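# Structure assessment
Here is what each chain is made of, one letter per residue.
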Amino acid sequence: MSDTGRSSTPTVDAPDPLTGRRRPVTVSALVGARLPSWAPYAAGAAAVGVALILKAVFGWEGWGTSFWTAVLVFVIGFTVWSFAVEGRRRAKDRFASTLIYASFVAAVVPLVLILFYIGVKGFSVFSADFFTKSMNGITSRQEGGGLYHALIGTLELVAIASIIALPIGIFTAIYLVEYGRGKFARAVTFFVDVMIGVPSIVAGLFVYTFLLLGFGLRPFGFAGALALAILMIPVSVRASEEMLKLVPRELRESSYALGVPKWRTILKVVLPTAMSGLITSSLLAIARITGETAPLILLVGYTARVNYDPLQGDMATLPMMVWDQLGKRAGTTSSDLTEARAWGAALTLVLLVLILNVGARLLARLFQPKAR
Amino acid sequence: MAKRIDVDDLNVYYGNFLAVEGASINIAPLSVTAFIGPSGCGKSTVLRTLNRMHEVIPGGRVSGKVLLDGEDLYGPGVDPVNVRRTVGMVFQKANPFPTMSIYDNVIAGYKLAGARKHKNELDEIVERSLKGANLWEEVKHRLGRPGAGLSGGQQQRLCIARAIAVEPSVLLMDEPCSALDPISTLAIEDLISELKSSYTIVIVTHNMQQAARISDRTAFFNLPGVGQPGKLVEYDDTAKIFSNPSKKATEDYISGRFG
Ligand SMILES: Nc1ncnc2c1ncn2[C@@H]1O[C@H](COP(=O)(O)OP(=O)(O)OP(=O)(O)O)[C@@H](O)[C@H]1O
Ligand SMILES: [Mg+2]
């Protein structure tokens, strides 16, 4: 064990039984030498330092090369340092931890940046009017207007799609978990898996061909809700299935052993036990479709006016409003006003999903079994 | 009303795997029968065929007869739900329903099955069953609390209360004490001796002293060899099995306790 380990490891000076020389000995065989707790930060700072020096020496342009150099120096340097002080097992642990933290950062940073950017850009247009007025009669160079019409449209479409898709999804999952055996169940699973991968525009085209072209109809809200439901069902089936599988078999068995029929066991034991999971799975499915745009272009269109009736006429939705406002910017009638409104609609969309999420989680907690 | 069970030449399968072959047992009403034998010999498997819980496992099937008071459990048109209402079961691992209170757990058999009963009647059932399971004093102040908040032994007694609340004729227990301390075990053994006056009881146990203490008759199952189906080797009065078994395998297994 090298001296570096002493700072964090409790050591005493004891004579070596073989050589008689005094040397640091760890107090317990269970406490190996450890790097000090500030070691990762020191290694990080050193890596950044090395990268900066190299940048200056070689005159690297931009920050890309320096960044990756710092990362590389950190991973290699820190692992080697740990290997020297703490030994092989800890070095592997440090290396793996570094990779895991790096993946976490790589996953979260873009997300946080997006949220932050949307927040900053979109919040400036938020006002009471923005949520209560439509874009009716508002030109691209005019102040004011709002997303009321689009909010109504999105809420209606998502509600209709959920009412159609969630029961189908959950019932299918119940079938697959509780009853499904053999070829038919395997076929259902296969098609659900395939449907998960169906691009949303294909679902849109499907409804477009059969409903709009087939019956010669103009775009209307319900057609869009139908396409959204098609997109929702497979997600809901898959997620609900996993949740139902988590219910231990013993619970079902103890219900059967009380002489409870299977359907009541499912209704009274399996579903309540899986309830919080089912809520989460439904939420996943809803989140999947709330921002969906492609099928709506074909099936629902867009209007600046408020349209409450999903059975007739174009309807506005939040993603379509973003598209509409930014589309105007791309054309000749661009203005900062349209862009601000687009960001505002985007932020509202994100917040909507967030509110749904939090709401459902609270709901799920209500259903969760309380230990005490 | 306690009922008698007659098992006649029973083969039990998991898919194509024959787990138990040619078991025949006659269990008298109001008696305690112990199943003993090495791990994997099919005790749980046979026990579960006695209330048609075996078929709950995918691929699970049986051939042969199981007669409950002369009526074949596997006869055409027999509803497994009715069978299980008559033949109750307590599992090795205590498994109160996590979403229910202690009170609701006891009446789960009624509640889940959708039976409509008056509150008074339910209160009575809860008290009688919990007293029957020796748990009443410990939980009477917190009937509204979740069943999962009890100790392991209390949970197991709650499961017994739940099983006897629906007043079955037969009670099956699969190693009900295997996870319990000696005191809880004694409590459950006492309970079994009391329950004997109203139920026919079949219990699987690895504890031979326990089998000797509580059972009237003992069935010894064994595995003749690896990959072969388990067999019922000997079935006789408990006193005879433990003092003077007629089969060599039984004696070897029993004496393992002393050796
Ligand atoms: N779900 C199952 N699927 C397939 N085979 C099973 C299943 N459960 C049990 N078996 C097999 O059936 C045989 C008997 O098992 P069983 O659970 O009845 O043994 P047991 O006598 O209760 O053992 P133990 O004392 O360990 O509980 C074993 O060979 C086992 O591997
Ligand atoms: Mg067993």
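Residues numbered from 1 in each chain as written. Chains lettered and ligands numbered in written order. Predicted model: local features only at pLDDT ≥ 70, side-chain atom pairs only at ≥ 80, totals over all residues. Heavy atoms only, no water.

On the chain B side, the residues contacting the 22 residues of chain A number 32 residues. A salt bridge links Glu253(A) to Arg48(B), with the shortest nitrogen-to-oxygen separation between them at 2.8 Å. The tally of links between chain A and chain B comes to three residue pairs in polar contact (both at pLDDT 80 or more). Broken down by secondary-structure element, the contributors of at least two residues to the side of chain A that touches chain B are helix H9 (249-257) and helix H10 (262-290) of chain A. With eight residues, H9(A) is the single largest residue contributor to the side of chain A that touches chain B. (Contact = heavy atoms within 4.5 Å. Salt bridge = Lys/Arg side-chain N within 4 Å of Asp/Glu carboxyl O. Polar contact = N/O pair within 3.5 Å; in protein donor to acceptor, adjacent residues only side chain to side chain. Helix = DSSP H or I, 4+ residues; strand = E, 2+ residues; numbered from the N terminus.)

With that settled, consider a nonpolar patch on the surface. All names here are of chain A. A cluster of nonpolar residues, Leu351, Leu354, Ile355, Val358 and Leu362, forms a patch on the protein surface that exposes about 470 Å² of accessible area. Its place among the elements puts Val358 in helix H13 (residues 336-367). The exposure class of Val358 is partly exposed, given its relative accessible area of 47%. (Patch = residues over 30% accessible without salt bridge, like charges linked within 9 Å, V, L, I, M, F, W, Y side chains within 5 Å. Areas by Shrake-Rupley, 256 points an atom, 1.4 Å probe, with all protein chains shown as cover. Buried < 20%, exposed > 50% of the residue type's maximum accessible area, 1.4 Å probe, protein only.)

Residue and element names in this part refer to chain B. Lining the immediate environment of ligand 1, one finds 13 residues, of which Ser39, Lys43, Ser44, Thr45 and His206 sit closest. For ligand 1, whose unbound accessible area comes to 630 Å², protein coverage reaches 64%. Elements with a contribution of two residues or more to the shell around ligand 1: strand E2 (17-27) and helix H1 (43-49). With three residues, H1 is the largest single contributor of residues to the shell around ligand 1. The residue inventory of the shell around ligand 1, partitioned by class, reads five nonpolar, six polar and two charged. (Near = heavy atom within 4 Å. Nonpolar A, V, L, I, M, F, W, Y, C, P; charged D, E, K, R; others polar.)

Further remarks concern the nonpolar core. In this structure, Leu244(A), Leu130(B) and Leu195(B) are the most contacted members of the largest nonpolar core, which totals 62 residues. With sequence-adjacent residues up to four places away left out, Leu244(A) is seen in contact with Ala173(A), Ile174(A), Val177(A), Arg252(A), Val270(A), Leu271(A), Ala274(A) and Leu278(A). The next biggest cluster of nonpolar side chains, apart from the first, holds 53 residues, and it includes Met135(A), Val192(A), Ala225(A) and Leu231(A). (Core = buried A, V, L, I, M, F, W, Y, C linked by side-chain atoms within 4.5 Å.)

Our focus in this paragraph is the domain arrangement of chain A. All names here are of chain A. Here chain A is partitioned into domain 1 (34-121) and domain 2 (131-366). Inter-centroid distance (C-alpha atoms) of domain 1 to domain 2 is 40 Å. Taken together, the contacts link five residues of domain 1 with five residues of domain 2. Around 470 Å² of area is buried between domain 1 and domain 2 when both sides are counted, 81% of it from carbon and sulfur atoms. The largest per-residue losses of area from domain 1 upon contact with domain 2 belong to Leu115, Ile118 and Lys121, which jointly make up 81% of the total buried on that side. At the surface where domain 1 touches domain 2, the tally comes to one salt bridge. One salt bridge in this structure joins Lys121 and Glu339, with 3.6 Å as the shortest N-O distance. Applying the counting criterion to the domain 1 and domain 2 interface returns zero residue pairs in polar contact (both at pLDDT 80 or more). (Domains from an automatic or database assignment. Buried area = accessible area lost by both parts, 1.4 Å probe.)

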